[in-house]
Amino acid sequence: MGKQINFFIDRETEERFLIYIRKNGVAIFEGNNNNPQVVDELPVPFSGKGCFKIYLYKTNNGDLKLKKLSTGRECIDSIESPVIEFSRTIIREDTKEVTKGRLWVETKYYNDNGELVIKNGMLEEWYKDLCKWIKKNAPRIEVSNNGKNHNVYITKQVLQLLEQGYKLV
């Protein structure tokens, strides 16, 4: 029941996206740490757990829900919480590979009683707004990758990497 958009964006575009997000009063949480923590900037790529997935959150969309893992650690429950998951594009210079990023949101889910819960409609509107920003800054074009043609949202800078022999994975 979730929605997602996949994309290939470079670090500069990612930073502009972060500025856009921050202008709207959004809290950003690292995805994999002992307890969810608000961050002011994106973690350095390959710096450890949580450096490629973060959660975007606006307080007016509802309360965060945490789930306790078997290790005792708590993390954001992305199914029940009013969050948008932002997985970053991964650029691996050593293997010349670019892994897609994505925005993902769950707009409804079944609770423990089997009842359908529909999240605040403002969450889906916000998700659509973020998708619009991605589409504007990473236009959808056809690219050839590993002998196949794909229509992808991709920035010019990532296209230049493909011209240098990088592969989309």
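Everything below is about the structure printed above this text.
For the structure given in this document, a descriptive report is provided here.

**Description of the overall build of the protein chain**
Scanning the protein chain for helices and strands turns up three helices and 14 strands. Considering the protein chain as a whole, with its 169 residues, one finds that 44% of them fall into the buried category. Sequence-distant contacts in the protein chain: of pairs separated by 6 or more residues, those separated by 24 or more amount to 60%. Surface summary for the protein chain: the accessible area is close to 9,500 Å², and the carbon and sulfur share equals 46%.

**Remarks on helix 3 (residues 156-163)**
The set of residues buried in helix 3 consists of Val158, Leu161 and Leu162. The buried side chains of helix 3 occupy one side of the element, clustering within an arc of 100 degrees when seen end-on. Facing away from the buried side of helix 3 by over 90 degrees, the exposed positions are Lys156 and Glu163. Those residues of helix 3 that are buried lie in contact with strand 7 (90-92), strand 8 (97-99), strand 12 (140-145) and strand 14 (167-168).

**Some words on the pattern of salt bridges**
In the structure shown here, the tally under the stated rule is six salt bridges. With a shortest N-O distance of 3.7 Å, Glu12 and Arg16 are connected by a salt bridge. You can see Glu12 and its partner Arg16 sitting in helix 1 (residues 11-23), four residues apart, about one turn around the helix. One salt bridge connects Lys128 with Glu125, and the closest N-O pair in it is separated by 3.7 Å. Taken as a pair, Lys128 and Glu125 lie in helix 2 (residues 121-137) at a separation of three residues, close to a single helical turn. Bridged by salt links that share partners, the residues Arg11, Glu14 and Arg88 form one connected network.

**Let's talk about the sheet that holds strand 8**
A sheet is described by the order of its strands in space; here three strands give the open sequence 7-8-14, paired in mixed fashion. With one partner strand each, in any of the chains shown, strand 7 and strand 14 form the two edges of the open sheet. With three bridges joining them, strand 7 and strand 8 adopt antiparallel strand pairing. The partner of Arg92 across the bridge, within strand 8, is Glu97.

**Comments concerning the pairing of strand 13 (residues 148-153)**
Two strands pair when backbone bridges link them, and strand 12 and strand 13 are joined in this way by six bridges, in the antiparallel orientation. Looking at strand 13, one finds that Ser144 is bridged to Asn149. Counting the residues in the hairpin turn of strand 12 and strand 13 gives two residues, including Asn146, whose phi is positive at 55 degrees.

**Points about helix 1**
In this model helix 1 runs 18 Å from its N-terminal to its C-terminal C-alpha over 13 residues, within 8% of the 18 Å that 1.5 Å per residue would give. Where helix 1 starts, the residue carrying a side-chain oxygen 3.1 Å from the main-chain nitrogen of Glu12 turns out to be Asp10.

**Focus: the nonpolar core**
Formed by 24 residues in total, the largest nonpolar core has its most connected members in Phe17, Ile28, Leu56, Ile84, Leu103 and Leu130. The element contributing the most residues to this core is helix 2, with seven residues. Ile91, Val158, Leu161 and Tyr166 belong to the second largest nonpolar core, which has eleven residues in total.

**A word on the pairing of strand 9 (residues 101-106)**
Judged by how many residues are buried, strand 9 sits mostly within the fold: five of six residues are covered. In terms of strand pairing, strand 1 (residues 2-7) meets strand 9 through six bridges, oriented antiparallel. Note that in strand 9 the partner of Asn6 across the bridge is Arg102. Here four bridges tie strand 6 (residues 83-87) to strand 9, and the two strands are oriented antiparallel to one another. Bridging from a neighbouring strand, Ile84 pairs with Val105 of strand 9.

Conventions used here
- Residues numbered from 1 in each chain as written.
- Predicted model: local features only at pLDDT ≥ 70, side-chain atom pairs only at ≥ 80, totals over all residues.
- Heavy atoms only, no water.
- Helix = DSSP H or I, 4+ residues; strand = E, 2+ residues; numbered from the N terminus.
- Buried < 20%, exposed > 50% of the residue type's maximum accessible area, 1.4 Å probe, protein only.
- Contact = heavy atoms within 4.5 Å.
- Areas by Shrake-Rupley, 256 points an atom, 1.4 Å probe, with all protein chains shown as cover.
- Arc of directions from axis to C-beta.
- Salt bridge = Lys/Arg side-chain N within 4 Å of Asp/Glu carboxyl O.
- Pairing = 2+ DSSP bridges.
- Expected span 1.5 Å × (residues − 1).
- Polar contact = N/O pair within 3.5 Å; in protein donor to acceptor, adjacent residues only side chain to side chain.
- Core = buried A, V, L, I, M, F, W, Y, C linked by side-chain atoms within 4.5 Å.

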